Amino acid sequence: MQYSSLGRSDLSVSRVCLGSMTWGIQNTQQDADEQIQYALEKGVNFIDTAEMYPVPPNAETYGDTERMIGDWLSRHSNKRKDIIIASKIAGAGFPYVRNASNISKESIPLALEDSLARLQTDYIDVYQLHWPNRTSPHFGKHWPNQLKPTELDVTKEREGMRGIVEALGEAINSGKIRHWGLSDDTPWGIHTYLNLCDELGVPRPVSIQNEFNLLHLKDWPFLIESCVYEEIAYLPWSPLAGGLLSGKYLGGARPEGSRWTLMQRNGLFRNTENSEQAVKQFSELAATHSMTSSQLALAWCDQVDGVSSTIIGATSMNQLQENIEAFDLTLSQSSLDDIDAIIKRYPMAF
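Now for a look at the structure at hand.

Procedures and definitions
- Residues numbered from 1 in each chain as written.
- Predicted model: local features only at pLDDT ≥ 70, side-chain atom pairs only at ≥ 80, totals over all residues.
- Heavy atoms only, no water.
- Helix = DSSP H or I, 4+ residues; strand = E, 2+ residues; numbered from the N terminus.
- Rg over C-alpha atoms; globule rule 2.2 N^0.38 Å.
- Buried < 20%, exposed > 50% of the residue type's maximum accessible area, 1.4 Å probe, protein only.
- Contact = heavy atoms within 4.5 Å.
- Areas by Shrake-Rupley, 256 points an atom, 1.4 Å probe, with all protein chains shown as cover.
- Lys, Arg positive; Asp, Glu negative; His and termini not counted.
- Charge placed at Lys NZ, Arg CZ, Asp CG, Glu CD.
- Phe/Tyr/Trp six-rings, centres within 6.5 Å; stacked < 30°, edge-to-face > 60°.
- Lys NZ or Arg CZ within 6 Å of the ring centre and 35° of its normal.
- 1 Å grid on protein atoms, 1.4 Å probe; cavity = no way out; pocket = protein on both sides within 12 Å on 5 of 7 lines; lining within 4 Å.
- Points joined across faces, edges and corners; volume = space filled by probe spheres on them.
- Nonpolar A, V, L, I, M, F, W, Y, C, P; charged D, E, K, R; others polar.
- Patch = residues over 30% accessible without salt bridge, like charges linked within 9 Å, V, L, I, M, F, W, Y side chains within 5 Å.
- Salt bridge = Lys/Arg side-chain N within 4 Å of Asp/Glu carboxyl O.
- Pairing = 2+ DSSP bridges.
- Axes fitted to C-alpha atoms, helices over the stretch in contact; angles between N-to-C directions.
- Parallel < 35°, antiparallel > 145°, perpendicular 65-115°, else oblique.
- Core = buried A, V, L, I, M, F, W, Y, C linked by side-chain atoms within 4.5 Å.

Notes on the overall build of the protein chain
Here's step 1: Along its length, the protein chain carries ten helices and ten strands.
Here's step 2: For the protein chain, whose C-alpha radius of gyration is 19 Å, the value lies close to the compact-globule estimate of 20 Å for 350 residues.
Here's step 3: Structurally, the protein chain occupies a C-alpha span of about 55 × 50 × 35 Å along its principal axes.
Here's step 4: Of all 350 residues assigned to the protein chain, the portion counted as buried reaches 56%.
Here's step 5: Intrachain contacts of the protein chain at a sequence separation of at least 6 include 77% that bridge at least 24 residues.
Here's step 6: Summed over all atoms, the accessible surface of the protein chain reaches about 14800 Å², with 49% contributed by carbon and sulfur.
Here's step 7: Each charge class in the protein chain was averaged separately, 30 positive and 44 negative side chains, and the resulting centres sit 2 Å apart.

This is how it looks when you write it as structure tokens:
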């Protein structure tokens with residue numbers, strides 16, 4: 001296993017980050033235990049979760065993924081110091097989460113205390129803002145005029161962000177979090193937070209996690225360049241495009257128990273004709289290089305300059321083993337050239 005510095009922090013994280021959002025709906029506590037144990041044996045020291053997990057999010061299972069990790073930690077307390085845990089505070093959108101309120105100076109202490117209790121730990125290594133309060137060009141909203149930045153009250157937004165930074169600074173000073181990070185944000189969001197941190201004397205964010213994969217490259221190169229130069233770790237989530245890049249959904253297939261059979265997750269904005277054609281070609285290319293489609297996509301993501309650690313997820317041990325093995329693969333220059341050719345044919349598949 002290879003490791004990278006997590007931005008400007010003192011943390012060294014495995015190039016594989018174990019995602020956990022299936023734990024609680026698609027996976028049981030026993031499954032989670034098995035995945036954690038296997039990942040640790042393979043050198044993975046980085047686990048990502050969120051208060052809103054598992055997905056699809058709902059009131060009945062809200063917080064269950066953190067509870068599962070907490071259950072494991074309660075039985076392996078001697079391992080806590082060896083594991084870097086990242087969690088996320090949810091923003092507006094769910095009536096059962098603080099009455100669908102925004103992330104704010106007031107909501108952060110409440111959410112943090114609840115996450116610490118569920119995780120059964122005294123501190124969270126990296127506490128992340130799951131998404132901005134403003135509408136941002138993520139989750140399929142990146143096409144021209146799907147959002148109107150000219151309509152944002154920038155002064156009001158910046159003041160809300162100021163309160164967030166103040167609350168995070170207090171959480172760091174109290175020892176409840178070691179570092180903080182962003183998720184689903186933009187270059188403007190990154191630099192506004194950097195400026196506020198410098199103004200208020202609060203440690204800067206150490207990471208950002210955004211969707212990034214062979215079918216969804218909008219962060220390259222502009223956001224990733226900002227991350228590298230500002231020492232912010234870039235952590236791709238959904239490197240398999242919600243499972244699409246595994247090839248298992250080709251031709252409209254919906255394998256039993258797969259994510260796309262669940263309400264809210266049956267393809268969403270990723271399921272397009274261009275995606276279908278691109279995945280077919282990536283799958284054929286993977287076969288010629290004696291690897292699976294998933295391994296091709298993950299190995300490609302790992303070699304992108306500026307990527308610090310890639311967040312993977314699995315519902316079975318076979319998937320987890322296959323995915324972790326991808327990070328031992330080195331793509332040849334000829335395979336990278338072939339991948340580039342497909343990307344150029346489908347530069348914005350969804």
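Comments concerning the packing of aromatic side chains
To describe a pair of aromatic rings, you give the distance between the ring centres and the angle between the ring planes.
Here's step 1: All told, the structure shown has nine aromatic pairs when counted by the stated rule.
Here's step 2: Here the aromatic rings of Phe 212 and Trp 300 are separated by 5.8 Å at their centres, their planes lie at 25°, and the arrangement is stacked. Of this pair, Phe 212 sits in the loop between β8 (207-211) and α6 (222-229) while Trp 300 sits in helix α8 (residues 293-303), and the two are 88 residues apart along the sequence. Of the two residues examined, Phe 212 and Trp 300, each falls in the buried class.
Here's step 3: Put simply, the rings of Tyr 62, Phe 94, Tyr 96 and Trp 131 pair up and form one aromatic cluster.
Here's step 4: The cationic tip of Arg 80 hangs over the ring face of Tyr 123; the distance from NZ or CZ to the ring centre is 4.1 Å.

Re empty space enclosed by the protein
Here's step 1: Under the criterion given, the structure shown has two cavities of 30 Å³ or more.
Here's step 2: Within this model, the largest cavity holds a volume of roughly 70 Å³.
Here's step 3: Broken down by element, the lining of the largest cavity gets its largest block of residues, three residues, from helix α4 (residues 154-174).
Here's step 4: For the lining of the largest cavity, the class distribution of residues is seven nonpolar, one polar and three charged.
Here's step 5: Within this model, the second largest cavity holds a volume of roughly 30 Å³.
Here's step 6: Along the walls of the second largest cavity sit Leu 18, Ile 36, Ala 39, Leu 40, Val 44, Asn 45, Phe 46 and Ile 47, which together make up its complete lining.
Here's step 7: Looking at the lining of the second largest cavity, the elements that each hand over two or more residues are α1 (29-41) and β4 (46-48).
Here's step 8: Counting residues per element, the lining of the second largest cavity draws most heavily on α1, which supplies three residues.
Here's step 9: Split by residue class, the lining of the second largest cavity holds seven nonpolar, one polar and no charged.

Some remarks on a nonpolar patch on the surface
Here's step 1: On the surface, a cluster of nonpolar side chains totalling about 210 Å² of accessible area is made up of Leu 152, Val 154 and Trp 188.
Here's step 2: Locating Leu 152 in the fold gives a position in the loop between β6 (124-129) and α4.
Here's step 3: We classify Leu 152 as partly exposed; its relative accessible area is 31%.

Thoughts on the sheet that holds strand β5 (residues 84-89)
Sheet strands associate in pairs through backbone hydrogen bonding, adopting either a parallel or an antiparallel arrangement.
Here's step 1: A sheet is described by the order of its strands in space; here eight strands give the open sequence β9-β8-β7-β6-β5-β4-β3-β10, paired in parallel fashion. Bordering the open sheet on either side are β9 (233-237) and β10 (310-312), each of which pairs with just one other strand. Direction aside, neighbouring strands of the sheet carry axes that sit 30° apart on average.
Here's step 2: Pairing between strand β7 (residues 177-183) and β8: three bridges, direction parallel.

Considering the packing of helix α7 (residues 273-288) against helix α10 (residues 333-345)
Two quantities define a packed helix pair, namely the angle between the helix axes and the distance between the axes.
Here's step 1: With their axes 10 Å apart at the nearest point, α7 and α10 run at an angle of 170° to one another. Classified by the angle their axes make, α7 and α10 are roughly antiparallel. Packed against α7, whose contacting residues are Ala 278, Gln 281, Phe 282 and Leu 285, the element α10 presents Ser 335, Asp 338, Ile 339, Ile 342, Ile 343 and Arg 345 at the interface.
Here's step 2: By residue class, the composition of the contact of α7 with α10 is six nonpolar, two polar and two charged.

Focus on the environment of Ser 74
Here's step 1: Counting through the fold element by element, Ser 74 comes out in helix α2 (residues 64-75).
Here's step 2: Separated by 129 residues in the primary sequence, Ser 74 and Pro 203 have C-alpha atoms spaced 30 Å apart.

A few points about the nonpolar core
Here's step 1: Core analysis: the largest hydrophobic core is formed by 86 residues, its most contacted members being Leu 215, Phe 282 and Trp 300.
Here's step 2: One finds Phe 46, Ala 86, Val 126 and Ile 311 within the second-largest nonpolar core, a separate group that totals 13 residues.

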